[in-house]
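# Observations on the model geometry
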Amino acid sequence: MARTLIRRLGFGVIAVLGVAVLSFLLEFVVPGDPARAIAPRAQSAAVLANIRIQLHLNQPVIIQFLDYFGDLFRGNLGTSYVQRQSVTSLIGPRLATTGWLALAGVIAEVILGGGLGILATLYPRVRAAVGAVNLTLLALPQFVVGLLLLLLFGFKLHMAPVTGGAGLPEIVLPALTLGLVGAPWYAQIVADQMADSLASAYVRTAVAKGLPDRYILWRHVLRNVLSPAITMIGMDLGAYLSGVVTVEVVFGWPGIGLLAVNSLQNLDRPVVMGTVIVGAVAVVFFNLVADVLRMYVDPRTREEQA
Amino acid sequence: MAQTAAPAAPAPAETATDTVRTRSRRARWPAALIAGAILLAVFAGIAIAAPAFGNPLQQNLLTGLTHTGLPLGLSRAHPLGTDLLGRSELARLAFGIRTSMIVAIVSNVTSIAVGAAVGLAAGFFRGPVEAVLMRVTDVGLALPYTLAALVIAGLMTAGLTRVIVIITALFWAYPARLVYGEVLRLRHRGFVESAEAIGAPGVSIAGRHLLPHVFPLLVTYSPLNAASAVVFEATLSYLGAGINPPTASLGNMISDGQTAISYAPHLLLVPAVAILLITMSFLLIGEGLKARNPDLARVSWLGR
Amino acid sequence: MPRSADDGARRPSLSPPDSTSRRGFLRLSGAAGLVTLGAAGTASSLAACSSGSAATSPSAPGGGVRIKEYVPGPQPVSGGRYGGTVRVVWSDPPNSLDPAVGYNLTAWDAITELVFFGGLMAYDKQLGGPVANIAAGPPVISADSKTLTFSLRPGVKFHNGREIVASDFIYSWERMLAPAMASWATSYLTSIAGASELIAGKTKKLEGVEANGDHTLVVHLTAPDFTILNAFALPFTAPVPQEEVERLGPARFGQTPVGFGPFRVTSYDSSAQTAAFERFDDYMYPGLPYLDAVTYRWGVDSNVQLLELENGSVDLLGPGIPSSQAAYVLASPTLKSLAQQRPSPGNLWLTIYNLDKPPFNSPKVRQALNWAVDRTALSRETYGTYAPWGAPFPQQISDFHPTFTPYGYDPAKARQLLAEAGYPDGFSATLSISSDDPFPTIAQVVQSQLSAIGVHLTLNQMSSNALYSLEAAEQSGGGHLQLDADNWYEVQPTPADEVDALYVTGASSNYNRYSNAQVDSLAAQARRTFNEVERNQLYAQIQQIIGEDAPFVFLESALWLAGVGKRLHNYQYRGETYTYYDRLWV
């Protein structure tokens, strides 16, 4: 198992590098000129030229590439074109903040979605209602769900803070938004897997043996459900850490989402690369953790994995 | 989830060993499948007959807006109200359904096809193929979607094809990973080994033995994927990579609706409900397909 | 990543009017415009410059206090109450509070009205030009108009207590012009002797400026240029204390700069997305500011900003009422008291490209397009944030009396002009736009209106950066654009801001390569004219020519719709420099 892990880690690093290289190159394909983006339009050509020199944009792509990755291996993520601060200082404090929201969001969606899925499977009479709820949540964009929650609980009922910040009271609504939006997926997968295993021969045997329902659900059914659920959780955590802008902006949650979006809009390449790399590391890391957990929980997937 | 297929579960007298032929007509054509197909047909009908609902491009800046320029609500003249440019929301809905259904169906199929192919190949072939494909999938998951969307948008001319390409490129990695996980589980249940033992050629194993078991997962995932594709098109509009105005699509109707949520909520509700119903039709069809196949019929042994 | 990834950067809420369309605010009059040498302008002092500083000390805090004090900016100031904090909310973080490089909405507000306040000069009243600020009075202008001598007010202090002296200006300007600073604003100062060499990195000193003692500053120009006085009112020429710049280092100075304005920065927390500013007791205008503190919070979606204003959790919307909500707010009986409209020196148009090729090489075609747009109907879509205006330059500019009659709506005339030009059946073209508000809406309206005269437009929507790239390509002659939509917000209260950037041959933002020799020579002449009345007569002539040439389809003039909470009194605003916090009270 250790060997697998180490191999997976190694591959993970390769994946992160792959994302970094690809993103770097893609930034040169994205239409736009960073010098023109950070200096407002209508600069004289000389001013733009100077800015390009200062930002090393006038050098050939390959040199910029080597410079960037050389710095990267030494732990230097560069300086923001727009904000003139080191990228690390911009991303660092906000990463943890987004991390908490990601965690809370995943917990919310697993509980809500899993709960809905279990309800639908075990109580056929509410299946239609659960289905309707799921569909509604699916058809509503994140922004709308967030805004509605904010309106209701924040402004109308005064039960939640409305002025942003990163504390415990402030995390409730954004996490709930993420949870509601992500719930249908978990509900669907959970319901499916539960139905699958409830119909399996193993459960038939267990029922025939007279084992209590709760025991069957816990020992066998849950195991089956956990496997794809863990896969999704891994993907979600990675995705959230790449920045959930909408939710962060509606609730004023000071994460990296706004930073990522603004930096792309401003063609602030160092910051874009910083957020991309952070996101890539998160995705790879959490997928790895998810795979390991899944191997533990569901031994059938334990065989040698790449 | 939307297991409204209860009536489609086999009647007590039947077991999973019955073949399709021996099952009753009610089991062959589960209610869910019929309901879903009818709903889908309704939407397809609306899409095809869209011009009958009015002109989605006709702006009525003076008659179609209040005196301060706000959209009108529901009325006899405008059954679904008007949008921000005074256009008939009903007409825009019909044409929006047309555009979005094409986007939803095509990009759903392509993204799942690509994802499933990658997942199957990785899970089946193992070894270096698996390593490479899974790393590519990781890259696909980790790549910032805004960046990728902007790049593709810069490289292609505006239009439906571009939107479909972008959605496919951004959506394939999820099903790939899900399918991969499922294939690994199936491997463990011995499907692959036994097929190999009897000397079946590789590709046919994947096609004949793995795919049918992966299929339900994909059928489950598919409607959600399609709905996301439609909503995601709103994001693409923001980036300037979506459907060009003034063409109506459910996605850009949603993005218009979001800005007007405080004073013209119907602009958001109309496309959202449409997406909801279209998704429901896909879900019902999916459930119906699953219920139809006795191999996949699941009766809970807990008796509920 | 269908569902867990974020489903959309809320661009239309986040970006306008903040970082993109409003960022258009900072179009500079590139000094790539012509500055001809030679012919002297007349030696004259500035017209319309009043500079009394009769100060009346206020009575003790708490009472209704009358301040009779000349401070530049919208007037009058009286009856204020001391104390209190004003909370301002923004969409985007300030890009930097360093006055040499700050430019986005959030940064500009802070560096023009909080941490710094003008420079040598500051803008007068609501629409007026530059008047003395740190300078004690208008400069003495030499006979050839190339030397300006400023006397500085004694006793104006930086936030660290030190008096501002002439050498501070030289240090600050050298710092701003140095290539390593990569400032966007260097082209404003190119008429100062030695500036170009400094910008190019050939020298380290600004040769054309000297300090005679602590309170006299002499500026030598390479040629007469009245816009230099506007530049001296803008934050990138504001003095900064060298000892603080060196003590804090560039990164920290960009977050907690030391200035001389009515408020000091006391905290800047990038991860919490907040900044706080406290009253500076030694502010150069005694008795001000009224407030104890101002706080900024950013990273909030504009729909939510409006909700917070309504709710009373914030007092002021930094980016104003979003254009998408303007009509709703103004029509709502409960909300309209929160909206205050002010003039804004901006405008919006369609740029016509390839002026040397058919069909746009015919002035009749271009005029026809101008006659074919119903701007009144269009402005229903931009209700509250733009007003119809079918002429060059924003509608309200200081002391500018236009002679050009704006285009109206006359489709019959448009069709006739098209026929005369040889296009009785119209033609087809592409209109390229960015996806930022309000361009997609405007484009759709114009598309529909022009189709009535036979001009069929296809819309091509893209990201604003992509559009900028296409515009840049046009400038060097290699593009395929036919029409696009653009806007502009002036930083100078004079038509020069637009003329020198958009209409002069080869100007920095002249993307469609419009070129008219008469405009060029009038513009150069106006640039040399310090007398405002004479100068604006020249600009009126320029406007007439440009209006008839119609290189643009002139559409609308901008308005500012402020979101002001009930607590606030004496809300004053100026388009070039934003909210006057020093005279605001609660």
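Note: the structure precedes this text.
Right, let's walk through the structure included here. All figures in this text were calculated on a predicted structure; none of them were measured in a lab.

### Things to note about the overall build of chain B
A tally of regular secondary structure across chain B gives 11 helices and zero strands. Burial statistics for chain B: of 304 residues in total, 56% are counted as buried. Intrachain contacts of chain B at a sequence separation of at least 6 include 70% that bridge at least 24 residues.

### Observations regarding the overall build of chain A
A tally of helices and strands in chain A yields 13 helices and zero strands. Mapped from its N terminus to its C terminus, chain A presents α and β elements in the order α-α-α-α-α-α-α-α-α-α-α-α-α. Across its three principal axes, chain A shows a C-alpha extent of roughly 85 × 55 × 30 Å. Scored against the burial criterion, the 306 residues of chain A give a buried share of 58%. Contacts spanning at least 24 positions in sequence make up 73% of the contacts within chain A whose residues lie at least 6 apart.

### Re the interface of chain B and chain A
Between chain B and chain A, the residue contacts involve 48 residues of the former and 61 residues of the latter. Counting residues per element, the ones that place at least two in the side of chain B that touches chain A are α4 (127–142), α5 (145–155), α7 (173–188), α9 (202–239), α10 (250–259) and α11 (266–292) of chain B. Ranked by residues supplied to the side of chain B that touches chain A, first place goes to α4 of chain B with eight residues.

### A few points about helix α5 (residues 87–122) of chain A
The first and last C-alpha atoms of α5 of chain A sit 50 Å apart over 36 residues, in line with the 52 Å expected at 1.5 Å per residue. Of all bends in α5 of chain A, the biggest is about 30°, found at leucine 95 of chain A.

### Topic: the environment of leucine 568 of chain C
All names here are of chain C. Mapped onto the elements of the fold, leucine 568 is located in the loop between β17 (552–564) and β18 (573–574). Linking leucine 568 and leucine 584, residues 16 residues apart in sequence, is a C-alpha distance of 6.9 Å. Once you skip the residues sitting within four places of it in the chain, leucine 568 turns out to touch Val86, Asp315, Leu316, Leu584 and Val586.

### Looking at the sheet that holds strand β7 (residues 216–220) of chain C
Residue and element names in this part refer to chain C. Spatial ordering of the open sheet is given by β4-β5-β7-β6, a layout of four strands whose pairing is antiparallel. Both outer strands of the open sheet, β4 (140–141) and β6 (209–211), are each paired with one neighbouring strand and no more. As defined by bridge partners, β6 adjoins β7 across three bridges and the pair is classed as antiparallel. Bridge pairing links alanine 211 to leucine 217 in β7. Where helix α3 (residues 166–177) meets the sheet, it contacts β6 and β7, and its direction lies at approximately 150° from that of β6.

### Remarks on helix α8 (residues 323–331) of chain C
The element α8 of chain C is largely enclosed, with a buried count of seven among its nine residues. When we look at burial in α8 of chain C, the residues that qualify are Ser323, Ser324, Gln325, Ala326, Ala327, Tyr328 and Val329 of chain C.

### Thoughts on the environment of alanine 260 of chain B
Residues and elements named next belong to chain B. The topology assignment puts alanine 260 in the loop between α10 and α11. Sequence separation between alanine 260 and proline 71 is 189 residues; the distance between their C-alpha atoms is 9.0 Å. Aside from chain neighbours lying at most four places away, what touches alanine 260 is Pro71, Leu84 and Leu267.

### Quick word on the packing of helix α12 (residues 257–265) of chain A against helix α13 (residues 269–297) of chain A
Residues and elements named next belong to chain A. Contact geometry for α12 and α13: axes closest at 8 Å, N-to-C directions at 140°. For the element pair α12 / α13, the angle class is oblique. Along this stretch, α12 crosses α13, giving a crossing that reads as left-handed. On the side of α12, the interface is formed by Leu259, Ala260, Ser263 and Leu264, while α13 contributes Val271, Val272 and Thr275.

### Quick notes on the packing of helix α3 (residues 89–125) of chain B against helix α6 (residues 160–171) of chain B
All names here are of chain B. It is the contact of α3 with α6, at a shortest axis distance of 9 Å, that shows an interaxial angle of 35°. Both α3 and α6 take part in a crossing whose hand is right-handed. Here Ile102, Val103, Val106, Ser107, Thr110, Ser111 and Val114 of α3 lie close against α6, whose contacting residues are Leu160, Val163, Ile164, Ile167, Thr168 and Phe171.

### Topic: the nonpolar core
Counting 348 residues, the largest nonpolar core has Ala149 and Ile166 of chain B as its most contacted members. Contacts of alanine 149 of chain B, omitting those with residues within four sequence positions, involve Ile166, Leu170, Leu236, Leu239 and Ala241 of chain B. One finds Ile397, Ala526, Tyr539 and Ile542 of chain C within the second-largest nonpolar core, a separate group that totals 19 residues.

### Describing unusual backbone geometry
Cis rather than trans, the peptide bond between proline 245 of chain B and proline 246 of chain B has omega equal to 0°. Mapped onto the fold, proline 246 of chain B is located in the loop between α9 and α10. Omega for the peptide link from aspartate 437 of chain C to proline 438 of chain C comes to -10°, which places this bond in the cis form. With respect to the helices and strands, the residue proline 438 of chain C is situated in the loop between β14 (427–434) and α12 (439–451). Backbone geometry at histidine 158 of chain A places phi at a positive 55°, although glycine is not the residue there. Secondary-structure assignment places histidine 158 of chain A in the loop between α7 (142–156) and α8 (168–198). A positive phi is found at alanine 182 of chain C, a non-glycine position, where the angle reads about 50°. With respect to the element layout, alanine 182 of chain C can be found in the loop between α3 and α4 (195–199).

### Points about the pairing of strand β5 (residues 147–151) of chain C
Residues and elements named next belong to chain C. Burial along β5 is one-sided: Leu148 and Phe150 are buried, and none of Thr147, Thr149 and Ser151, which face the opposite way, are. Two strands pair when backbone bridges link them, and β4 and β5 are joined in this way by two bridges, in the antiparallel orientation. Looking at β5, one finds that valine 140 is bridged to threonine 149. Here β4 hands over to β5 after five residues, with serine 145 in that stretch at a positive phi of 60°. Sheet topology note: the β5/β7 ladder contains five bridges and is antiparallel. Considered in β7, the bridge of leucine 148 is made with valine 219.

Conventions adopted
- Residues numbered from 1 in each chain as written.
- Chains lettered and ligands numbered in written order.
- Predicted model: local features only at pLDDT ≥ 70, side-chain atom pairs only at ≥ 80, totals over all residues.
- Helix = DSSP H or I, 4+ residues; strand = E, 2+ residues; numbered from the N terminus.
- Buried ≥ 20, exposed ≤ 12 C-beta atoms within 10 Å, placed from the backbone.
- Contact = placed C-beta atoms within 7 Å.
- Expected span 1.5 Å × (residues − 1).
- Bend = angle between axes of the 7 residues up to and from the residue.
- Pairing = 2+ DSSP bridges.
- Axes fitted to C-alpha atoms, helices over the stretch in contact; angles between N-to-C directions.
- Parallel < 35°, antiparallel > 145°, perpendicular 65-115°, else oblique.
- Left-handed = near helix turned anticlockwise from the far one by under 90°.
- Core = buried A, V, L, I, M, F, W, Y, C linked by C-beta atoms within 7 Å.

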